[in-house]
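Chains, contacts and geometry: an overview
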Amino acid sequence: MYRIPPTPGDMFRALREQQNKSWAQVCVVKGKNLTKEGESKADLIQALECYKQALDLDGENAEAYQGRGATLMKLSRYEDAIPEFQLSLKYDPTNLLTRAYLEACEQFAENRRLFGRYYTKVVKGPLRARKRKKDRKKEKRKKKKKKKKKKSGHS
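Notes on the structure in this doc start here. (Residues numbered from 1 in each chain as written. Predicted model: local features only at pLDDT ≥ 70, side-chain atom pairs only at ≥ 80, totals over all residues. Heavy atoms only, no water.)

Moving on, we come to the pattern of salt bridges. For the coordinates displayed, the defined rule picks out six salt bridges. Across the pair Lys 32 and Glu 63 runs a salt bridge, and its minimum N-O distance is 2.7 Å. Of this pair, Lys 32 sits in helix 1 (residues 8-37) while Glu 63 sits in helix 3 (residues 62-74), placing them 31 residues apart in sequence. Given the relative accessible area of 29%, Lys 32 is considered partly exposed. Classification of Glu 63 by relative accessible area gives partly exposed; the value is 30%. (Salt bridge = Lys/Arg side-chain N within 4 Å of Asp/Glu carboxyl O. Helix = DSSP H or I, 4+ residues; strand = E, 2+ residues; numbered from the N terminus. Buried < 20%, exposed > 50% of the residue type's maximum accessible area, 1.4 Å probe, protein only.)

Take a look at the structure:
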C-alpha cells in the first residue's frame, strides 16, 4: 500500500498543537508554584490567570483544570471548584488526587450549605485567627531584623 504524505498544512497544525501543549504545561507549572507558595489573594488570582492561559492553549489539559480547582478551594470558592475538578476527571479519569479534591470540595460545599454562617464562624474563625497570629509573629521578626541592622550600621 502507498501512504499519502502529509500536506504542509497538516504538518503545521501538528507542530502548532505540540507547541501549544508545551506552552500550556509551562503555564500550569507557573500556576502551581503560585498556588503552593502564594501568600496573598493576589498570588492566587495570578495563578488562576496562568491556568486560564494554559486552557486557552490546550483546552483538554487536565492538570490546568485540577490546578484551577485547587486554587479556587484555597480561595474558599468550593462551589466554583467542583466543575473544574469534574472537567479534570473528564480528561484524566484515573487521577486519584483530583477525585480526593472533588470529594473534599463537595463536602465543604455541602457543609457550607447546611450550616451557613455557623460553619464559617466555627471552622473558619479559628483558622483565620491562627493565620493572623502567625502574621504578627512574622512582623515582629522583621522589626527585630531592622533594629539589628540599624544598630550594626551605626556602630
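Further notes follow.
Glancing now at the packing of helix 3 against helix 4 (residues 78-91). Running from N to C, helix 3 and helix 4 cross one another at 160°; their axes reach a closest spacing of 8 Å. Accordingly, the angle class assigned to the pair helix 3 and helix 4 is roughly antiparallel. The way helix 3 lies across helix 4 gives a crossing that is left-handed. For the pair formed by helix 3 and helix 4, the contact residues are Ala 62, Tyr 65, Gln 66, Arg 68, Gly 69, Ala 70, Leu 72 and Met 73 on the first element and Tyr 78, Asp 80, Ala 81, Glu 84, Phe 85, Leu 87, Ser 88 and Tyr 91 on the second. (Axes fitted to C-alpha atoms, helices over the stretch in contact; angles between N-to-C directions. Parallel < 35°, antiparallel > 145°, perpendicular 65-115°, else oblique. Left-handed = near helix turned anticlockwise from the far one by under 90°. Contact = heavy atoms within 4.5 Å.)

Our focus in this paragraph is helix 4. Compared with the 20 Å implied by 1.5 Å per residue over 14 residues, the 21 Å span of helix 4 between its first and last C-alpha is a close match. Taken together, the buried positions of helix 4 are Tyr 78, Ala 81, Ile 82, Glu 84, Phe 85, Ser 88 and Leu 89. (Expected span 1.5 Å × (residues − 1).)

Let us now look at the nonpolar core. Met 73, Tyr 78, Ala 81, Ile 82, Phe 85, Leu 102 and Cys 105 are the most contacted members of the largest nonpolar core, which has 13 residues in total. For this core, the secondary structure elements donating two or more residues are helix 2 (41-57), helix 3, helix 4 and helix 5 (96-154). Here the element with the most residues in this core is helix 4; it accounts for five residues. Setting aside chain neighbours within four positions, we find Ile 82 in contact with Leu 102, Cys 105, Glu 106 and Ala 109. Cys 27, Val 28, Leu 34 and Ala 64 belong to the second largest nonpolar core, which has 11 residues in total. (Core = buried A, V, L, I, M, F, W, Y, C linked by side-chain atoms within 4.5 Å.)

Right, let's talk about the layout of surface pockets for a bit. The volume enclosed by the second largest pocket comes to roughly 180 Å³. Contributing to the lining of the second largest pocket are Lys 32, Thr 35, Lys 36, Tyr 51, Glu 63, Gln 66, Gly 67, Ala 70, Leu 97 and Tyr 101. Those elements giving two or more residues to the lining of the second largest pocket turn out to be helix 1, helix 3 and helix 5. Ranked by the residues each element gives to the lining of the second largest pocket, the list is headed by helix 3, at four residues. The residue inventory of the lining of the second largest pocket, partitioned by class, reads four nonpolar, three polar and three charged. (1 Å grid on protein atoms, 1.4 Å probe; cavity = no way out; pocket = protein on both sides within 12 Å on 5 of 7 lines; lining within 4 Å. Points joined across faces, edges and corners; volume = space filled by probe spheres on them. Nonpolar A, V, L, I, M, F, W, Y, C, P; charged D, E, K, R; others polar.)

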